[in-house]
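Structure assessment
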Amino acid sequence: MTDTTFQSIVIGGGSGGLSFARTAAKLGAKVLLIERGDLGGTCVNRGCVPKKILWSGGQLHRNMDRAQRAGLSAPQAVRFAALAARRDEHIARIRDGYTDTLASEGVSVLRGQARVDGTRVTVDDTTYVADQVVIATGARPTALDIDGAEHLSDSDDVLSWTSLPARITIVGGGYVGCEFAAILAALGSDVTLVHDGDRILDAFPAALAEQVQRNLRQGGVTLHLGPGLAAVTRSDTALDATLSDGKRIRADAVVAAVGRTPNTATLGPLSDALACADTGAVRVDARLATNVPGVHAVGDVAARMPLTPVATADGRQLAHMLHGAGGALIDLDDVTTAAFVYPPAAFVGHADDGARDDTNRPLSDSALGPVDGPNPQLYRLGFDDTGRLTGAQIVADHAEDLITLLAALRASGATASDLARIAPIHPSFAEEFTGT
């Protein structure tokens, strides 16, 4: 006989749902996780993981190209099919690992589309009941409503490509569009980035966005800022992207990277009952509760911050709130943000005043390669009137790691004098903003 009663039912097996389910089960709760697709959600299957693998491949090729230009190696070609195969093998191992881990930790897993009515969840012809339902259905690429939209690719498509188009037009200057532009150009495509604004990375500090813009151009990306995409037409051999000012760009693929839409429309009666923000994400309180009694939301579907680390932390803390001794949500002001371009750009807190800032060229560039453009690295630190670190902005190799350490220093109340007391490694990028 099928067990249909649980303490918590989780809809969605992405970062937030998995984090909640595993933590709640470890705390002794009886948990059912329902997933209609692949375990791992966006991050593992269509986001962070495949993106980072392609980014790493692009970084390797950039380094080989630099070595060739420095006279240290012969020219090398990218075997994209081999890189795609490595990507897919790695993702498959992660999915298999989740299946085994959930089974060993006592989480029941059900495959199928869930229809939710309060705390009653129906899959196929069976209804399950829980004390709480946790919505963790994530988000999907936002579709563009233009003539010829059927010819567009999206981020899901790009991260499953097994061959690389020679000419690619990317629409959208957010971090996803900029990452794709940088990565695909590094792997050998002729890339054009179209953005209907004055500068890319609107949500990033201006200094970082401007530095990334310079670096993208230096990396061979053509930028079209201002006019947006108006239509796409297909010929026998290519696509033509027409901008709002009439300009046409010929490409083999046109990729829409214009944001993500929370997945709330397929939940049955609950879809109409949920109160949502203007973004379409579900409104939640400090306990991640929605306006529907007994229903909570985590991850990209919730009106918090659509980042994997936030989803993971929120899922874990909600499990402690519902099944443990209590939990507390992380302060979103402490969350670090990064764009995986070349070099990566990252920030935390507020440092727009630039109390300590400069640009820098890596030793490897200066000593081993021809200097052919502006300094690619930048840092900016902000301090308040007492000298406490308020934020940091970095464009540099390993910025994704450095920003986490600076975030920890900021959270612990480190001051400018604390940084000045450090004797850093020489030569290194970190010495630029430490020591005296």
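Right, let's walk through the structure included here. Note that the structure is a prediction, hence the values are computed from the model and not measured. (Residues numbered from 1 in each chain as written. Predicted model: local features only at pLDDT ≥ 70, side-chain atom pairs only at ≥ 80, totals over all residues. Heavy atoms only, no water.)

1. Re helix α1 (residues 15-26)
Compared with the 16 Å implied by 1.5 Å per residue over 12 residues, the 17 Å span of α1 between its first and last C-alpha is a close match. Buried residues dominate α1, accounting for 9 of its 12 residues. Taken together, the buried positions of α1 are occupied by G16, G17, L18, S19, F20, A21, T23, A24 and A25. Close packing links the buried residues of α1 with β1 (5-11), β2 (31-35), α4 (80-105), β6 (126-135) and α9 (308-323). Just downstream of α1, G28 is the residue with a positive phi angle, here 100 degrees. (Helix = DSSP H or I, 4+ residues; strand = E, 2+ residues; numbered from the N terminus. Expected span 1.5 Å × (residues − 1). Buried < 20%, exposed > 50% of the residue type's maximum accessible area, 1.4 Å probe, protein only. Contact = heavy atoms within 4.5 Å.)

2. Some points on the sheet that holds strand β8 (residues 167-171)
Strand pairs in the sheet, formed through backbone hydrogen bonds, run parallel or antiparallel to each other. Strand order in the open sheet made by the 4 strands is β10-β9-β8-β14, with parallel pairing throughout. Among the strands making up the open sheet, the edge pair consists of β10 (222-225) and β14 (253-256). Here the average twist between neighbouring strands, direction ignored, is 20 degrees. Of the pairings in the sheet, the one linking β8 to β14 comprises 4 bridges and is parallel in character. Looking at β14, one finds that I168 is bridged to A253. (Pairing = 2+ DSSP bridges. Axes fitted to C-alpha atoms, helices over the stretch in contact; angles between N-to-C directions.)

3. Quick look at the packing of aromatic side chains
One pass over the structure, following the stated rule, counts 6 aromatic pairs. With a centroid separation of 5.0 Å and an interplanar angle of 70 degrees, the aromatic rings of F204 and F347 are classed as edge-to-face. One end of the pair, F204, is in the loop between β9 (190-195) and α7 (206-218); the other, F347, is in strand β18 (residues 345-349), with 143 residues separating them in the sequence. Comparing F204 with F347, the two get one shared label, buried. Ring geometry for Y379 and F429: centres 6.2 Å apart, planes at 80 degrees, overall edge-to-face. Highlighted residues: Y379 in strand β20 (residues 377-383) and F429 in the segment after α12 (416-420), separated in sequence by 50 residues. Owing to a relative accessible area of 5%, Y379 belongs among the buried residues under this scheme. Taken together through their ring pairs, the aromatic side chains of W55, F340 and Y342 make up a single cluster. Seen from the ring of F6, K30 lies directly overhead, with NZ or CZ sitting 5.1 Å from the centre. (Phe/Tyr/Trp six-rings, centres within 6.5 Å; stacked < 30°, edge-to-face > 60°. Lys NZ or Arg CZ within 6 Å of the ring centre and 35° of its normal.)

4. Things to note about the nonpolar core
Ranked by size, the top nonpolar core spans 46 residues in total, and within it W161, I170, L184, L193, L216 and V221 carry the most contacts. Take this core: its biggest share by element is 8 residues, from helix α6 (residues 175-186). When sequence neighbours within four positions are dropped, the list of residues in contact with V221 reads A181, A185, V191, L193 and L216. Residues V121, Y128, V133 and V295 belong to the second largest nonpolar core, which totals 22 residues. (Core = buried A, V, L, I, M, F, W, Y, C linked by side-chain atoms within 4.5 Å.)

5. Here's the deal with the pattern of salt bridges
Across all of its chains, the model carries 14 salt bridges by this definition. With a shortest N-O distance of 2.5 Å, K30 and D3 are connected by a salt bridge. Within this pair, whereas K30 is found in the loop between α1 and β2, its partner D3 is found in the segment before β1, the two being separated by 27 residues in sequence. The partly exposed category is assigned to K30, whose relative accessible area is 33%. Among the residues examined, D3 registers a relative accessible area of 42% and is labelled partly exposed. (Salt bridge = Lys/Arg side-chain N within 4 Å of Asp/Glu carboxyl O.)

6. Quick notes on the packing of α1 against α9
α9 packs onto α1 with a crossing angle of 30 degrees between their chain directions and a minimal axis gap of 7 Å. It follows that α1 is roughly parallel to α9 by the angle criterion. The way α1 lies across α9 gives a crossing that is right-handed. Between α1 and α9, the contacting residues are S15, G16, S19, F20, T23 and A24 on the first element and T308, A311, T312, G315, R316, L318, A319, H320, L322 and H323 on the second. Per-class residue counts for the contact of α1 with α9 are 6 nonpolar, 9 polar and 1 charged. (Parallel < 35°, antiparallel > 145°, perpendicular 65-115°, else oblique. Left-handed = near helix turned anticlockwise from the far one by under 90°. Nonpolar A, V, L, I, M, F, W, Y, C, P; charged D, E, K, R; others polar.)

7. Considering a negative patch on the surface
A cluster of acidic residues, D352, D353, D357 and D358, forms a negative patch on the protein surface. Take D357: it is sitting in strand β19 (residues 356-360). With relative accessibility at 36%, the residue D357 sits in the partly exposed group. (Patch = residues over 30% accessible without salt bridge, like charges linked within 9 Å, V, L, I, M, F, W, Y side chains within 5 Å. Areas by Shrake-Rupley, 256 points an atom, 1.4 Å probe, with all protein chains shown as cover. Lys, Arg positive; Asp, Glu negative; His and termini not counted. Charge placed at Lys NZ, Arg CZ, Asp CG, Glu CD.)

8. A closer look at the pairing of strand β11 (residues 229-234)
Two strands pair when backbone bridges link them, and β11 and strand β12 (residues 239-243) are joined in this way by 5 bridges, in the antiparallel orientation. Counted as the bridge partner of R234 is L239 from β12. Following β11, the chain reverses through 4 residues before pairing antiparallel with β12.

9. Some thoughts on the sheet that holds β19
Within the open sheet, the 5 strands sit side by side as β17-β18-β21-β20-β19. Their pairing is antiparallel. Both outer strands of the open sheet, β17 (337-339) and β19, are each paired with one neighbouring strand and no more. The mean inter-strand angle of the sheet, taken between neighbouring strand axes irrespective of direction, is 10 degrees. Of the pairings in the sheet, the one linking β20 to strand β21 (residues 389-395) comprises 6 bridges and is antiparallel in character. Paired with G382 across the bridge in β21 is G391.

Functional significance is not addressed by these values, which are geometric in nature.
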